[in-house]
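# Structural features, examined
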Amino acid sequence: MIDTISSYLKVDDIKDSRYFERVPTLLKKVSTKQNSNGLIYHTGLFENLYISVSQLGISINGSLTKFYHQNNYCDLTRKQVELSIKRIEEYLNLNIGDSNCKRVDIAHNFIMNEDTSNYYYFLGTSKYFNRFKQPNSIYYNNHQKTKLFYDKIDECKNKNVEISPILNLRNLLRYELRFLNRINKQLNSNVILNSLFNEDIYMNMIDIWITEYNSINKNKLFMPTETELTPKTAKEFLLCALIEKVGLNEVNELTDQWNNSFTNSKAKSRFNKELNS
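One structure accompanies this document, and this report is about it. (Residues numbered from 1 in each chain as written. Predicted model: local features only at pLDDT ≥ 70, side-chain atom pairs only at ≥ 80, totals over all residues. Heavy atoms only, no water.)

### Quick notes on the sheet that holds strand β8 (residues 130-134)
The test is simple: Think of it this way: DSSP has to see at least two bridges between two strands before they count as a pair. To qualify as a helix, a DSSP run of H or I must reach at least 4 residues; to qualify as a strand, a run of E must reach at least 2; elements of each kind are numbered from the N terminus. The convention used is that axes are lines fitted to C-alpha atoms, helices contributing only their stretch in contact, and that angles between N-to-C directions extend from 0 to 180 degrees. The criterion used for residue contact is that any of the two residues' heavy atoms lie within 4.5 Å.
One open sheet accounts for 10 strands, arranged β2-β3-β4-β5-β1-β6-β11-β10-β9-β8; its pairing is antiparallel. The outermost strands of the open sheet, each flanked by one partner alone, are β2 (28-34) and β8. Taken over all neighbouring pairs, the strand axes of this sheet differ in orientation by 15° on average, direction set aside. Pairing of strand β10 (residues 145-151) with strand β11 (residues 171-179) involves seven bridges; the strand directions are antiparallel. Across the sheet, phenylalanine 149 pairs through a bridge with tyrosine 175, a residue of β11. Sheet strands in contact with helix α1 (residues 19-26) are β2, β3 (40-46), β4 (49-54) and β5 (57-63), and its direction is about 150° off that of β4. Of the strands in this sheet, β1 (2-10), β6 (100-112), β10 and β11 touch helix α7 (residues 199-214), which is tilted by about 115° from β11.

### Things to note about the nonpolar core
Going by this rule: We call a set of buried residues a nonpolar core when its members are Ala, Val, Leu, Ile, Met, Phe, Trp, Tyr or Cys and they connect through side-chain atoms within 4.5 Å of each other. To sort residues, take the accessible area from a 1.4 Å probe on protein chains only and compare it with the maximum for the residue type: under 20% means buried, over 50% means exposed, and anything in between is partly exposed.
Counting 52 residues, the largest nonpolar core has Ile2, Ile58 and Leu196 as the members making the most contacts within it. By residue number, the principal contributor to this core is α7, which donates six residues. Counting six residues, the second largest nonpolar core, distinct from the first, contains Tyr73, Ile163, Leu167 and Leu172.

### Details of the environment of leucine 39
The topology assignment puts leucine 39 in the loop between β2 and β3. Leucine 39 sits in the buried class, given a relative accessible area of 19%. A sequence separation of 193 residues divides leucine 39 from lysine 232, and the C-alpha atoms of the two residues are 71 Å apart. Contacts of leucine 39, omitting those with residues within four sequence positions, involve Lys33, Gln34, Gln55 and Leu56.

### Let's talk about the pairing of β3
As paired strands, β2 and β3 are joined by five bridges and run antiparallel to one another. The partner of lysine 28 across the bridge, within β3, is leucine 45. From the end of β2 to the start of β3, which pair antiparallel, there are five residues, and glycine 38 there has a positive phi angle of about 90°. Between β3 and the antiparallel strand that follows it, β4, lie two residues; glutamate 47 among them carries a positive phi value of about 55°.

### Describing helix α3 (residues 78-92)
Quick note on the threshold: By this rule the span expected of a helix is its residue count minus one, scaled by 1.5 Å.
With 15 residues, α3 should cover 21 Å at 1.5 Å per step; its first-to-last C-alpha distance of 22 Å lies within 8% of that length. All of the buried residues in α3 are Gln80, Val81, Ser84, Ile85, Ile88, Glu89 and Leu92. Positioned one or two residues after α3, asparagine 93 has a phi angle of 55°, which is positive.

### Description of the packing of aromatic side chains
Which entries qualify depends on this criterion: Aromatic rings from Phe, Tyr and Trp, with only the six-membered ring used for Trp, were paired whenever their centres fell within 6.5 Å, and each pair was classed as stacked if the ring planes differed by under 30 degrees, edge-to-face if by over 60, and tilted otherwise. Counted as over-ring charges are cases with an Arg CZ or a Lys NZ within 6 Å of the ring centre that also lie within 35 degrees of the ring normal.
Tallying each qualifying case throughout the model produces 10 aromatic pairs. A centroid spacing of 6.4 Å and a plane angle of 80° characterise the contact between tyrosine 19 and phenylalanine 20, whose relative ring orientation is edge-to-face. Assessed through its relative accessible area of 18%, phenylalanine 20 is described here as buried. Their ring planes at 80° and their centres at 6.4 Å tell us that tyrosine 140 and phenylalanine 149 sit as a pair that is edge-to-face. Of the aromatic side chains, those joined through ring pairs into one cluster are Phe110, Tyr140, Phe149, Tyr175, Trp209 and Tyr213. One residue, lysine 218, lies across the ring of tyrosine 213, its end atom 4.3 Å from the ring centre.

### Here we look at the side chain of histidine 42
Rules: Identification of polar contacts relies on pairs of N or O atoms within 3.5 Å, with a donor-acceptor requirement for protein atoms, meaning one able to donate a hydrogen and the other able to accept it, and with residues adjacent in sequence counted only if both atoms are side-chain atoms.
Summarising the element assignment, histidine 42 is placed in strand β3. A polar side-chain atom of histidine 42 sits 2.8 Å from a polar atom in the side chain of threonine 32. Each residue touching histidine 42, except ones within four places of it in the same chain, is listed here: Phe20, Pro24, Val30, Ser31, Thr32, Ile51, Ser52 and Val53.

### Digging into the pattern of salt bridges
Defined as follows: Within this document, salt bridges are pairs made up of a side-chain nitrogen of Lys or Arg and a carboxyl oxygen of Asp or Glu, the two lying within 4 Å of each other.
On inspection of all chains with the given rule, the structure shows 10 salt bridges. With a shortest N-O distance of 3.5 Å, glutamate 82 and lysine 79 are connected by a salt bridge. With a gap of three residues between them, glutamate 82 and lysine 79 both fall in helix α3, about one helical turn apart. When its relative accessible area of 22% is taken as the criterion, glutamate 82 is described as partly exposed. In this structure, the salt-bridge partner of arginine 178 is aspartate 105, at a minimum N-O distance of 3.6 Å. Within this pair, whereas arginine 178 is found in strand β11, its partner aspartate 105 is found in strand β6, the two being separated by 73 residues in sequence.

This is how it looks when you write it as C-alpha cells:
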C-alpha cells in the first residue's frame, strides 16, 4: 500500500558520520549545486531513490514500491517496507529510519471490468477538496492531502515501464492518497520512516485512505421510474437526463457561480442538496 515517500534527516542526528563526504560517493548520476546562501547540495540516485545531501542534512525521495519490486504497480507489505528502509540504512550506513516523513503515499490498484475512464463520472465532489478533471485522471486537492484516480497501465506505458503480461490487457484503476503536509497532525503521531511499518500507524493510514474514498460523493445514473409522464414530471426527467449527459461534476462547477444569487444560504444549501440527491 505504501508507495512514494519523502523524508529528511537533520545534520544534528548524523553530524559524526561524515555523511556529507561519504554519501555522494555511493550514489549514481551525482550533480552538485550551490545556492545563494553558499550551501552545497549533492544529489544522486540509489536505485530509483533521489538522495540529496547538504551541510544541513540528507533527504530521500522516491517510490519504496519500485525500490523493492522494481515496479510500482505491486503492493508493498509492512514487512517489505521495513526491509526497504533497512537496506537503505545499511547501504548509506546512516540511521535513515529516524528521518522525519515529509510525504507518504498510500495506493492500491483495482482490476475493473471496463475501461478506467468509464468510472470517473461516478466520482463526484468531496468536502474540503477541490476536484480537478484531467484527460486521464481525477484529482482532489487541499493543503494537506491529494486524492487521485488514474489508469495505472497507461501511466506505465507513458513512462516506458515494463508491465507484467498478466496485467497488460487489464483495466487497472489506481486510487492513491498522498499525505503532503502536517503529516504528524493528520496521523496523530510523530511519523518517521521507521513508523511506516508500525502496525498502528500503518493501519491508521489505510483507514484514512478508505475514509477519504468514502467521503467522495458518488454520482448516480439517471433512471426514469415512471411510464406515464405529465408535463411537470417530463420536465424533471429531461433536466435529470441533461445533467447526466453533461455530467454532475460540470453542473456543480456551473452552479457554484450562482452562490451569491440565492436569497439566502439556506436556499443555496437546499438547491445543492436536491441537485445531488
